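Report on the structure
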Amino acid sequence: MANKKLTLYRKCKTPEGWKRYPACMSANGKVKPDIVIVGGFEVAYPTGHYELRSFEGSKTKWTRVEGNATDALAAFKSAQKVATAVAVAGDAGVQVVKDAMRIPLRDSYPVFVQAALDRKSTEAAEIYRRTLEDFLTTCKKTYADELTHEDVIKFHGAMRKRGLSDRTVYNRHMNLRAFIIYLGLDVKAVAGKSPKFEKTMPEIYEPKELKSFFKALTTDYDRLFFDLLLKTGLREREAAHLEWTDISFERRTLQVRSKPRYQHKIKDSEEREMPLTAELVKELREYREKSPDHRLVFGKRGGDVDEPDGHLLRRLKTLAKKAGLNCGTCDGCISSKECELWFLHKFRANYITTLLRNGLDLRTTMALSGHADIASVMRYLRPAGTEVMQAKVDSIKWR
């Protein structure tokens, strides 16, 4: 009889190349993250993934497991149960027929996410993963052909119960819709119509707010960081991964590029170059002299650590609160003292709006801001502020 033992392995990237080793189990039966058994010793290999080793006759079969050590253990235990059930049925003389036409949901969604990763769409893969994990929490169906429109409606209700906005519900619905298409199901019957949401104009900071905010800043790091956001419109991750090599002091330009070493990929996969003001170049030169050995322009802990900072939004909210600029009425101010009216993308909205108000055409603005289409830029075409409009109305000769 062929060996039917099921084993959990980890395929690791070692100095000698990719190799498979048995996963290391702790005394309490859990999988030790990234640890494998090599020659009887525990060795850590951070880069890799888990695989289940099984046998079909005399042929070895490797099944990749997506996720971390906890996910691998769950997949291992599930596979053990299936293998045991098949073995018991075989001993009883019962033939077990596996329906190859049915698609297990929990086996399919990691493949769908991996497909996005293979396309180098890291951000999209993370969004898909989060959406589908939430969906499978509310949906208890096993196979794809069991999905109905009611399952999607139930998912909408669960998201709204958690307090997610209509726009977020719409975005998650579209992510789920892409998965339904991937499964080969009737997307109109299962997904149905996408939920509606009110399309609002992008929010911007008023001149008085910006003046008060910048006046309250006390460090060169903060002054330069938020000034750069205001005058370049960089997205949060673009700013967090900005390197000194992206800046040309001679040509007064800044390049936005992907950073493979940090697994950062720019949105829409299109690099762009933008001009910098003389004042901003001067600030950057002076700041560079204080950290000549750093790779990143804005590292962690106010620039002290040369690693990408993942808490820039929190930094902004803390500074706004310290400056006494919280509105005091939004849910954020009431629940966590972090004002919802202060967020990083708002600086980007100011940048794009300012370009348009100063006469830049839509296509040039699209190129500078890194948008993929004109329609996205047109959302920023808005009337001037009240004070500007008042001055223009006052200057009109009515009769």
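Please read all numbers here as calculations on a predicted model, not as lab measurements. (Residues numbered from 1 in each chain as written. Predicted model: local features only at pLDDT ≥ 70, side-chain atom pairs only at ≥ 80, totals over all residues. Heavy atoms only, no water.)

Concerning the sheet that holds strand β4 (residues 41-44)
- On the basis of which strands lie adjacent, the open sheet formed by six strands has the order β4-β3-β2-β1-β5-β6 and antiparallel pairing. Two strands close off the open sheet at either side, each with one partner strand: β4 and β6 (59-65). Strand-to-strand, the axes of this sheet are offset by a mean angle of 50°, without reference to chain direction.
- Direction of pairing for strand β1 (residues 7-14) relative to strand β2 (residues 17-25): antiparallel, over a ladder of six bridges. Opposite K11, over in β2, you have R20 as the bridge partner. (Pairing = 2+ DSSP bridges. Helix = DSSP H or I, 4+ residues; strand = E, 2+ residues; numbered from the N terminus. Axes fitted to C-alpha atoms, helices over the stretch in contact; angles between N-to-C directions.)

Some details on the sheet that holds strand β7 (residues 247-248)
- Taken together, three strands build an open sheet; the order of strands is β7-β8-β9 and the sheet is antiparallel. The open sheet has two free edges, formed respectively by β7 and β9 (272-275), since each of these has just one partner strand.
- Note: strand β8 (residues 253-256) against β9, four bridges, orientation antiparallel. For T253, the partnering residue across the bridge sits in β9 and is P275.

Here's the deal with the side chain of R53
- Its location among the elements puts R53 in strand β5 (residues 48-56).
- No salt bridge is formed by the buried R53; its nearest oppositely charged neighbour, E51, is found at 9.5 Å.
- A polar side-chain atom of R53 sits 3.2 Å from a polar atom in the side chain of Y9.
- Apart from residues no more than four positions distant in its own chain, R53 is found in contact with K5, L6, T7, Y9, T60, K61 and W62. (Buried < 20%, exposed > 50% of the residue type's maximum accessible area, 1.4 Å probe, protein only. Lys, Arg positive; Asp, Glu negative; His and termini not counted. Salt bridge = Lys/Arg side-chain N within 4 Å of Asp/Glu carboxyl O. Polar contact = N/O pair within 3.5 Å; in protein donor to acceptor, adjacent residues only side chain to side chain. Contact = heavy atoms within 4.5 Å.)

Side note on the packing of aromatic side chains
- Under the criterion given, the structure shown has 21 aromatic pairs.
- Note on Y221 and F298: the rings are 5.6 Å apart at their centroids and 90° apart in plane angle, and the pair reads as edge-to-face. Placement of Y221 in helix α8 (residues 220-232) and of F298 in the loop between α10 (278-288) and α11 (300-303) is noted, with a sequence separation of 77 residues between them. When sorted by exposure, Y221 lands in the same class as F298, which is buried.
- Taken together, the ring pairs in this structure connect Y205, F213, F214, Y221, F225, F226, F298, W342 and F347 into an aromatic cluster.
- Against the face of Y50 rests R10, its NZ or CZ located 4.8 Å from the ring centre.
- Over the aromatic face of W62 sits the side chain of R20, whose NZ or CZ is 4.1 Å from the ring centroid. (Phe/Tyr/Trp six-rings, centres within 6.5 Å; stacked < 30°, edge-to-face > 60°. Lys NZ or Arg CZ within 6 Å of the ring centre and 35° of its normal.)

Concerning the pairing of strand β3 (residues 31-38)
- Alignment of β2 against β3, held across two bridges, turns out to be antiparallel. Note that in β3 the partner of A23 across the bridge is V36.
- Here β2 hands over to β3 after five residues, with G29 in that stretch at a positive phi of 85°.
- In this structure, β3 lies alongside β4, joined through four bridges in antiparallel fashion. Pairing of I35 across the sheet is with A44, part of β4.
- Counting the residues that bridge the hairpin from β3 to β4 gives two residues, and of these G39 lies at a positive phi of roughly 60°.

Focus: the packing of α8 against helix α14 (residues 345-357)
- Axis separation between α8 and α14 bottoms out at 6 Å; the angle between their running directions is 40°. Accordingly, the angle class assigned to the pair α8 and α14 is oblique. Every residue of α14 that contacts α8 at F226, L229, L230, K231 and T232 is listed here: F347, N350 and Y351.
- Of the residues that constitute the contact of α8 with α14, the class distribution is five nonpolar, two polar and one charged. (Parallel < 35°, antiparallel > 145°, perpendicular 65-115°, else oblique. Nonpolar A, V, L, I, M, F, W, Y, C, P; charged D, E, K, R; others polar.)

Some words on the pattern of salt bridges
- All chains considered together, the criterion is met by 24 salt bridges.
- Measuring nitrogen to oxygen at the nearest pair gives 3.3 Å for the salt bridge that ties R10 to D34. Note that R10 is positioned in strand β1 and D34 in strand β3, a separation of 24 residues in sequence.
- Given the relative accessible area of 3%, R10 is considered buried.

Focus on unusual backbone geometry
- A positive phi angle, close to 55°, is found at R252, a residue other than glycine.
- Relative to the helices and strands, R252 is located in the loop between β7 and β8.
- The class of R252 is partly exposed, set by a relative accessible area of 39%.
- One non-glycine residue, K337, lies in the positive phi region at around 65°.

Focus: the side chain of D309
- Assignment of secondary structure puts D309 in the loop between β10 (305-308) and α12 (312-322).
- Residues contacting D309, with those up to four places away along its chain left out, are Y221, A240, F298, G299, K300 and R301.

Remarks on helix α4 (residues 149-161)
- Over its 13 residues, α4 extends 19 Å from the first C-alpha to the last, a length consistent with the 18 Å expected when each residue adds 1.5 Å.
- Considered for burial, the residues of α4 that qualify are D151, V152, F155, H156 and M159. Projected onto a plane normal to the axis of α4, the buried residues spread over an arc of 145° and lie on a single side. Structural note: α4 exposes E150, K154 and K161 on the side pointing more than 90 degrees away from its buried face.
- Positive phi shows up at G163, right after α4, with a value of about 90°. (Expected span 1.5 Å × (residues − 1). Arc of directions from axis to C-beta.)

Considering the confidence of the model for the chain
- Taken residue by residue, the chain gives an average pLDDT of 87. The fraction at 70 or more is 91%.
- Confidence, read as mean pLDDT per element, is least for helix α17 (residues 386-395) in the chain (66) and greatest for α8 (97). (pLDDT = per-residue confidence, 0-100.)

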